[in-house]
Amino acid sequence: MLKRNIQLNKQVYSIWVFVVCVSRLLGFLEILIFLRSPKPASVSFAGHGNHKENSPFLNNLEAGKGGDYYDKNLALFEEELDIRPKVSSLLGKLVNYTNLTQGVKEHEEAENTDGSKKKVSKSPSMGTLMGVYLPCMQNIFGVILFLRLTWMVGMAGVLQSFLIVLLCCCCTMLTTISMSAIATNGVVPAGGSYFMISRSLGPEFGGAVGLCFYLGTTFAGAMYILGAIEILLTYIVPQAAIFHPSGAHDASSAMLNNMRVYGTVFLLLMAVVVFVGVKYVNKFASLFLACVVISILSIYAGAIKSIFDPPEFPICMLGNRTLSRDQFDVCAKTIVKDNITVASKLWELFCHNTSLTTDNCDEYFLLNNVSEIAGIPGAASGILKDNLWSNYLEKGEILEKAHHPSVDAAGQKNNLHLYVLSDIATSFMVLVGIFFPSVTGIMAGSNRSGDLKDAQKSIPVGTILAIVTTSLVYFSCVLLFGACIEGVVLRDKYGDAVNKNLVVGTLSWPSPWVIVIGSFFSTCGAGLQSLTGAPRLLQAIAKDNIIPFLWVFGHGKANGEPTWALLLTALIAELGILIASLDMVAPILSMFFLMCYLFVNLACAVQTLLRTPNWRPRFKYYHWALSFLGMSICLALMFISSWYYALVAMLIAGMIYKYIEYQGAEKEWGDGIRGLSLSAARYALLRLEEGPPHTKNWRPQLLVLLKLDEDLHVKYPRLLTFASQLKAGKGLTIIGSVIQGNFLETYGEAQAAEQTIKNMMDIEKVKGFCQVVVANKVREGIAHLIQSCGLGGMKHNTVVLGWPYGWRQSEDPRSWKTFIGTVRCTTAAHLALLVPKNVSFYPSNHERYNEGNIDVWWIVHDGGMLMLLPFLLKQHKVWRKCKMRIFTVAQMDDNSIQMKKDLATFLYQLRIEAEVEVVEMLVKDRHSIARLESLYSDEEDETDPVPENIQMTWTKEKCDSEKRNRSSAVGSFRDLISIKPNQSNVRRMHTAVKLNEVIVNRSHDARLVLLNMPGPPKNTDGDENYMEFLEVLTEGLERVLLVRGGGREVITIYS
């Protein structure tokens, strides 16, 4: 058995080798045929000659010339191969796909490329370490770590600092999990969060959040520049300051002005560097990262050294108050000089004399002793227990050491500048806003996805490792700062107590200059990175063309460098520079980054809950609950940091969203919001299936039947105008039309007709849907539309049908027969019917009726349609100023005054304002009511009994008496009438004429007349007479709307 298997395997292997050799040989022959072809075709990346085409598939007509072997074996699919690719071609196209990043790589290559020689594009080759981990580390570590983390620990204490770091790191970790799921769900071109959000949540959210992320990145550049200037003017060369304080209390304003001037200069220099060539930024990226790593290592080395040999940075205390050490050398009130006790510099500052007299001395200075304490006690000193708890200060409050001996006394206000003061009011919320920018930068890996060898593996692993690493660094630094540095030094933001040294630099080893120089270069590098990335993000948004006014920023230099976007970025960054305060700029960019992260989490949650077929991320460690938790933390941090900044950021995003929704280009990216809309629509439709709508919720859901001419143009566009005025954008509107013919032959015409109708709907501002049906007979197509339009509970309940003009002159009776057949179909389907007659005279949407009446002739009860329709029309601006009048008919024997009162009461209960009039029939026409009844009756027999409860003005007794009067007619009179044409038709015509006289007499000047539409006869032989009745009934009226109810109540007096 084993030998048999071995032999079988050998045979299979031999066959496989033979097939491979044959395929290679055929491929070689195909290449030779292609090269020898007299008409060379452009070589596509799939290896086949290929001309430009609109289809997303390869055109195999040319490929087939060299691949007859495949075509003969696939003869069964030869028709499909004309328009669809072979599997081999498709796979070749996908494998050779090159994903060019929108970042800096292609721009750098374009700058290095000579005009005559072009470089061959290299395939992505960056791994997890160089492509994701280190760039994320470089973007996360920044100016806050070196300039504000020690101050945060001093103000919030170690425990609350742990909480702040934990909140911010949890936010970015949860966002990274969501981002990893999105980034591994297919190929993600560069563009980072903008691409992921826009393709997951749609162009509206993508554009809004993309611009917010752009603003955040731009303000981050301003923040890094301000940090670099602060390091330069405070710790490196304070002598370079241009503005100097004129008084003791003008130091802060002078510093802000210096920051503005130097910040503007630095911004211009960095913008020039980015404009000249981003390759210089890339080449120095490694140097900037090395500065960050060396600086962090020096902190750990200094913390370890402080256990055995703490650095000497003595702090001068007056009582329990911290003195600013840069204004004196000796921490004592007096000094011994040549065996003589003389006043020290400190005495001169507080007493304004050198003679040791106390007349003008500060009272607090006299009552308290001057002492020195160690600024860096070291990790073994036990200072950690003093730094565990928070010590928030108000603006201008003096830094004091708790439990240090002091005597309370009122000092002089003009000596406050001698102490170390708090420059801003601090709280937990303020510190969260300032610290959060130090955990941003997690998108650096996704921004480089085009350069990664395996983006779907590198992005999750590299980003999560970077966040874990930076989080550990932050937690350990919080602990080390609290354990090694005195509390008053921690709360000293600018190092005034340690002789203007950078506080974190006092702990570093071997020298504070390691941190100062390293942090300066790292912040400069981070600023350059921000000014490099922000314009390209704006360029990506502009090229998507979702925000029309940004189109100019999609252009740039010949190599694609976003020149205009860089200019706008520099201008916006200048706004941040003019703010000039690092502590005020940080919360601004925190808002924009938090909003971006919020929508990344939302995108992942929506895609996960919708379970769309394309949602198949390779990163499996995600869950919608984690995404919602991350989204909640982002939202909470926004309002914790600064509720007014949060509202402004949300307002900006909301305005951009609405602008894109109304003015932006329509994009179909298969986003999650569309899927969410489909799920919501499905849920709503299933709810509607639970039962018919209540009378209070009833509104006309229209099916408008349009007629098209031979050129597929809408014959009566005012039908659409009337529909838009009646609906005013509310409820369901379906525009239907029928094309006569065979579906297989006229499908293209149906598509063209549908597009024509949609264009006309846009012109007439009709919010609804369009459906064109191809049928052998128009009557059958209309019946199909009436039966099948709509979905579930979202179906039409009212049909709008055009009047068949010229039916008398037409030799072809199909037009009016189709009209009557449609009336019968709507009656059978229990649908309401509206027939606008003389629709060409109906007003357009641009007209306004400042006066006039809408007259309602209420002949039979139709469920309240005649009452509801004028009310709905008056909601539109065209009909808003028209008055409503209701007419009804009474006999002479009726109490018309009481009827009028009853009708007025009924309208009052319906909350409808209208004038009421009761029209009395003449005595000589005592059978007019019966004839009127016969006009609205479907009965065709000779006796023509009067139905009950048709007209609201009749009573049961009057109906019975009318029947008795008819039965008592002499037989000779019946015989006389029977000689003439169909007596039923004569009675109906007589009624139509008399009723038309009354209507024209009362409503000849009305803007619109609404009238009950009689039903068609049951016997089809009388169809032509029925059309005559309708013509006579509406003759002499300019605009008439014939209304036929659907057999249910549509209006109620109850709330």
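Owing to the predicted nature of the structure, the values given are computational and were not obtained by experimental measurement.

Novice: Could you clarify how one ought to interpret the overall build of the chain in this entry?
Specialist: Secondary structure assignment for the chain yields 37 helices and 15 strands. For the chain, buried positions account for 50% of its 1055 residues. Element-wise, carbon and sulfur atoms account for 59% of the exposed surface of the chain, whose accessible area totals about 51500 Å².

Novice: I'm lost on a positive patch on the surface in this one. Help?
Specialist: Side chains of K765, K767, R848, K877 and R880 sit close together on the surface and give a patch of like positive charge. Assignment of secondary structure puts R880 in the loop between α31 (865-873) and β12 (883-890). Exposure remark for R880: the relative accessible area of 48% places this residue in the partly exposed category.

Novice: What should I look at first to understand the sheet that holds strand β1 (residues 314-318) in this one?
Specialist: Within a sheet, adjacent strands bond to each other through the backbone by hydrogen bonds, running parallel or antiparallel. Taking strand neighbours across the sheet as the criterion, the three strands line up as β2-β1-β5 in an open arrangement whose pairing is antiparallel. Of all the strands in the sheet, the pair left with one neighbour each is β2 (321-322) and β5 (370-374). For β1 and β2, the ladder comprises two bridges, and the chain directions are antiparallel. Paired with L318 across the strands is R321, a residue of β2.

Novice: Any chance you could explain the packing of aromatic side chains here in plain terms?
Specialist: One pass over the structure, following the stated rule, counts 27 aromatic pairs. Relative to F521, the ring of F520 lies with its centre 5.6 Å away and its plane at 70°, an arrangement referred to as edge-to-face. We classify F520 as buried; its relative accessible area is 12%. Judged by relative accessible area, F521 falls into the partly exposed class, the value being 37%. The ring of Y364 carries the charged tip of R321 above its face, separated from the ring centre by 3.7 Å.

Novice: Whenever I open this one, the nonpolar core confuses me. Can you help?
Specialist: Side chains that are nonpolar tend, in soluble globular proteins, to be buried together. Counting 160 residues, the largest nonpolar core has F435 and F481 as its most contacted members. If one sorts the elements of this core by residue count, helix α11 (residues 203-236) sits on top with 21 residues. Non-local contacts of F435, meaning those with residues more than four positions away in its chain, are made with I144, L149, M152, I164, V165, C168 and Y474. Among the nonpolar cores identified, the runner-up in size contains 55 residues, and V704, M865, W879 and V1043 belong to it.

Novice: Can you help me understand the pattern of salt bridges in this one?
Specialist: For side chains of opposite charge, pairing can occur when their charged atoms come near one another. On inspection of all chains with the given rule, the structure shows 15 salt bridges. Here E754 makes a salt bridge to K758, at a shortest N to O gap of 3.6 Å. One end of the pair, E754, and the other, K758, are both in helix α28 (residues 743-764), four residues apart, so they sit about a helical turn from each other. Since its relative accessible area comes to 36%, K758 is described here as partly exposed.

Novice: How do you make sense of helix α24 (residues 624-641) when you look at a structure like this?
Specialist: With 18 residues, α24 should cover 26 Å at 1.5 Å per step; its first-to-last C-alpha distance of 26 Å lies within 8% of that length. Residues of α24 that are buried: S627, G630, M631, I633, C634, L637, M638 and S641. For α24, the angular spread of the buried residues around the axis is 160°, confining them to a single face. Residues of α24 that are buried sit in contact with α9 (149-183), α16 (428-435), α23 (582-610) and α25 (643-663).

Novice: Honestly, the sheet that holds strand β15 (residues 1040-1044) in this entry has me stumped. Any pointers?
Specialist: Spatially, ten strands are ordered β8-β7-β6-β9-β10-β15-β14-β11-β12-β13 in an open sheet, and the strand pairing comes out mixed. The open sheet terminates on both sides in strands that have one partner only, identified here as β8 (769-775) and β13 (915-920). Recorded for the sheet is a direction-independent mean angle of 20° between the axes of neighbouring strands. Where strand β11 (residues 853-858) and strand β14 (residues 1008-1012) come together, four bridges link them in parallel fashion. By the bridge assignment for β14, D855 is matched with V1009. Helix α32 (residues 896-909) contacts β11, β12 and β13 of the sheet and is inclined by roughly 150° relative to β13.

Novice: Where do I start with the side chain of N353 in this structure?
Specialist: Residue position: N353 is located in the loop between α14 (345-351) and α15 (363-367). Taking the relative accessible area as the measure of exposure, N353 reaches 15% and is therefore buried. Here S355 takes part through its backbone nitrogen, which lies 3.3 Å from a polar atom of the side chain of N353. There is a polar contact of 3.2 Å between the side chain of N353 and the backbone oxygen of T357. Apart from residues lying up to four places away in sequence, N353 is in contact with W347 and E348.

Novice: For this particular structure, what's the right way to read the environment of C361?
Specialist: Tracing the chain through its elements places C361 in the loop between α14 and α15. For C361, a relative accessible area of 9% translates into the label buried. In the structure, C361 is positioned twelve residues away from L349 in sequence and 9.1 Å away in space, judged by C-alpha atoms. Residues contacting C361, with those up to four places away along its chain left out, are W347, F350, C351, L366 and Q412.

Novice: I keep staring at α16 and nothing clicks. Help me out?
Specialist: Buried residues of α16: L431, V432, G433, I434 and F435, and no others. Tucked into the core, α16 has its buried residues touching α8 (143-147), α9, α18 (455-484), α23 and α24.

Novice: What exactly am I supposed to notice about the state of the cysteines here?
Specialist: A covalent bond bridging the sulfur atoms of two cysteines is what the word disulfide describes. Counted according to the given criterion, the structure contains two disulfides. Residue C316 pairs covalently with C331 via a disulfide, S to S 2.0 Å. Its S-S torsion of approximately 85° makes the covalent link between C316 and C331 right-handed. Of this pair, C316 sits in strand β1 while C331 sits in the loop between β2 and β3 (334-337), placing them 15 residues apart in sequence. A relative accessible area of 0% means that C316 is categorised as buried. On the basis of relative accessible area, C331 is assigned to the buried category, the value being 13%. At a sulfur-sulfur separation of 1.8 Å, the disulfide partner of C351 is C361. As the torsion about the S-S bond is roughly 115°, the C351-C361 disulfide counts as right-handed. In this pair, C351 sits in helix α14 while C361 sits in the loop between α14 and α15, placing the two residues ten residues apart along the sequence. No disulfide involves C212; its sulfur sits 8.6 Å from that of C596, the nearest cysteine.

Novice: Before we go on, may I ask you to explain a nonpolar patch on the surface in this structure?
Specialist: A cluster of nonpolar residues, V272, V273, F275, V276, Y280, F284 and L287, forms a patch on the protein surface that exposes about 600 Å² of accessible area. Counting only elements with at least two residues in the nonpolar patch, the list comes to α12 (251-276) and α13 (278-308). Element by element, the count of residues in the nonpolar patch is highest for α12, at four residues. Of note, F275 is situated in helix α12.

Novice: Is there a simple way to explain the confidence of the model for the chain in this structure?
Specialist: A low pLDDT means the predicted coordinates there should not be read in detail. Averaged over all residues, the pLDDT of the chain equals 78, while 77% of them reach at least 70. Here helix α35 (residues 971-978) stands out as the element of the chain with the lowest mean pLDDT, 39, in contrast to α24, whose mean of 94 is the highest. Confidence over residues 966-980 falls short of pLDDT 50; this stretch has seven contacts with residues more than four positions distant or in other chains.

Novice: Is there a simple way to think about the packing of α11 against helix α22 (residues 563-579) in this case?
Specialist: Packed helices, taken two at a time, are described by their axes: the angle between them and the distance between them. With their axes 8 Å apart at the nearest point, α11 and α22 run at an angle of 55° to one another. Considering their axes alone, α11 and α22 lie oblique with respect to each other. The element α11 and its partner α22 pack so that their crossing is right-handed. Taking contact as the criterion, the partners of Y214, L215, T218, F219, A222, I225 and L226 in α11 are, on α22, A565, L568, T569, I572, A573, G576 and I577. Grouping the amino acids of the contact of α11 with α22 by side-chain chemistry returns eleven nonpolar, three polar and no charged.

Novice: What's the story with unusual backbone geometry in this structure? I'm lost.
Specialist: Glycine aside, a negative phi is what most residues show, and trans is what most peptide bonds show. Residue P510 is reached from W509 by a cis peptide bond, and omega for that bond is 10°. Among the structural elements, P510 can be located in the loop between α20 (503-507) and α21 (512-544). A positive phi is found at N499, a non-glycine position, where the angle reads about 60°. Structurally, N499 is set in the loop between α19 (487-490) and α20. Within the chain, K765 stands out as a residue other than glycine whose phi angle is a positive 60°. As for its position among the elements, K765 is in the loop between α28 and β8.

Rules behind the numbers
- Residues numbered from 1 in each chain as written.
- Predicted model: local features only at pLDDT ≥ 70, side-chain atom pairs only at ≥ 80, totals over all residues.
- Heavy atoms only, no water.
- Helix = DSSP H or I, 4+ residues; strand = E, 2+ residues; numbered from the N terminus.
- Buried < 20%, exposed > 50% of the residue type's maximum accessible area, 1.4 Å probe, protein only.
- Areas by Shrake-Rupley, 256 points an atom, 1.4 Å probe, with all protein chains shown as cover.
- Patch = residues over 30% accessible without salt bridge, like charges linked within 9 Å, V, L, I, M, F, W, Y side chains within 5 Å.
- Salt bridge = Lys/Arg side-chain N within 4 Å of Asp/Glu carboxyl O.
- Lys, Arg positive; Asp, Glu negative; His and termini not counted.
- Charge placed at Lys NZ, Arg CZ, Asp CG, Glu CD.
- Pairing = 2+ DSSP bridges.
- Phe/Tyr/Trp six-rings, centres within 6.5 Å; stacked < 30°, edge-to-face > 60°.
- Lys NZ or Arg CZ within 6 Å of the ring centre and 35° of its normal.
- Core = buried A, V, L, I, M, F, W, Y, C linked by side-chain atoms within 4.5 Å.
- Contact = heavy atoms within 4.5 Å.
- Expected span 1.5 Å × (residues − 1).
- Arc of directions from axis to C-beta.
- Axes fitted to C-alpha atoms, helices over the stretch in contact; angles between N-to-C directions.
- Polar contact = N/O pair within 3.5 Å; in protein donor to acceptor, adjacent residues only side chain to side chain.
- Disulfide = S-S within 2.5 Å.
- pLDDT = per-residue confidence, 0-100.
- Parallel < 35°, antiparallel > 145°, perpendicular 65-115°, else oblique.
- Left-handed = near helix turned anticlockwise from the far one by under 90°.
- Nonpolar A, V, L, I, M, F, W, Y, C, P; charged D, E, K, R; others polar.

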